[in-house]
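This is what each chain is made of:
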Amino acid sequence: MPLLVTPALPAGSLAAQEQPHLPVRPGLALRPWRDDDAPAVRAAFDCPVIQRWHVRRLDSDDEARSWTAQWAGRWRDESAASWAVVDADDRPVGQVGLRDVLLSEGSAQVSYWVVPAARGRGIATEALLALTRWSFTRAGLHRLALEHSTGNAASCRVAARAGFPVEGVARGSVRHADGWHDMHRHARLATGAQ
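This structure is a prediction, so every number in the text was calculated from the model and none was measured.

How each quantity is defined
Residues numbered from 1 in each chain as written. Predicted model: local features only at pLDDT ≥ 70, side-chain atom pairs only at ≥ 80, totals over all residues. Heavy atoms only, no water. Helix = DSSP H or I, 4+ residues; strand = E, 2+ residues; numbered from the N terminus. Buried < 20%, exposed > 50% of the residue type's maximum accessible area, 1.4 Å probe, protein only. Contact = heavy atoms within 4.5 Å. Pairing = 2+ DSSP bridges. Expected span 1.5 Å × (residues − 1).

(A) The arrangement of the environment of serine 107 in detail. Structurally, the position occupied by serine 107 is in strand S5 (residues 107-114). In this structure serine 107 comes out as buried when scored by relative accessible area, which is 15%. Along the sequence, serine 107 and histidine 186 sit 79 residues apart, while their C-alpha atoms lie 13 Å from each other. Leave out the neighbours within four places in its chain, and serine 107 touches Asp100, Val101, Leu102, Leu141 and Arg143.

Here's what the structure looks like:
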């Protein structure tokens with residue numbers, strides 16, 4: 001069935017380039033995940049807060065290596081991307097990424113988390129802002145959206161500080177370990193329209 005509109009971005013828009021390293025602020029940057037990040041990823045997913053909101057855990061070093069290794073392929077197939085948020089010593093302190101990338105629509109979902117020792121310093125907000133700038137100016141995306149449980153006040157603050165206004169609430173749309181959660185939906189457009 002033929003499309004009646006031209007895709008917002010042609011296939012190959014991401015895969016034709018290397019996943020970039022992005023500056024955030026002095027002492028903080030985004031870079032692609034590496035195999036040697038697996039121990040840091042496993043430690044992050046040991047955090048009960050990350051497990052609660054991301055509904056995943058990693059039970060072995062092999063699982064952590066598989067998690068870090070998946071991102072190169074997902075970049076190549078243009079379905080998702082993830083960056084390690086790293087400190088001045090190149091140690092991962094968080095994650096920010098694009099999920100459900102639809103080049104034809106010029107859209108993606110964003111995700112983020114920060115390890116407990118790095119929370120409360122604006123790292124998630126600044127990493128999300130850096131990814132948003134790149135997504136709109138270099139990748140050419142039109143719309144970025146994110147969802148979080150209405151019970152996750154910290155994630156809501158990050159979204160608001162990064163200029164992602166709430167668009168609405170999806171009732172009972174995601175199941176967490178404690179049951180169904182209503183989800184706040186936030187989004188930003190490349191045009192700056194809110």
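Right, picking up where we left off after that structure.
(B) Summary view of the pairing of strand S3 (residues 81-87). In terms of burial, S3 is largely enclosed, as seven of its seven residues are buried. Burial of S3 is two-sided: the residues Ala81, Trp83, Val85 and Asp87 facing one way and the residues Ser82, Ala84 and Val86 facing the other way are all buried. Inspection of the sheet shows strand S2 (residues 28-32) paired to S3 by five bridges, in the antiparallel sense. Bridging from a neighbouring strand, leucine 28 pairs with aspartate 87 of S3. Two strands pair when backbone bridges link them, and S3 and strand S4 (residues 92-102) are joined in this way by six bridges, in the antiparallel orientation. Bridging from a neighbouring strand, alanine 81 pairs with leucine 98 of S4. Between S3 and the antiparallel strand that follows it, S4, lie four residues; aspartate 90 among them carries a positive phi value of about 65°.

(C) Inspection of helix H3 (residues 61-76) at higher detail. Here H3 is 16 residues long and its end C-alpha atoms lie 24 Å apart, about the 22 Å a rise of 1.5 Å per residue gives. Residues Ala64, Trp67, Thr68, Trp71 and Trp75 constitute the buried set of H3. Looking at the buried positions of H3, the neighbouring elements they touch are helix H1 (38-44), S3, S4, S5 and helix H4 (123-137). Immediately beyond the C-terminal end of H3, within one or two residues, lies glutamate 78, with a positive phi of roughly 60°.

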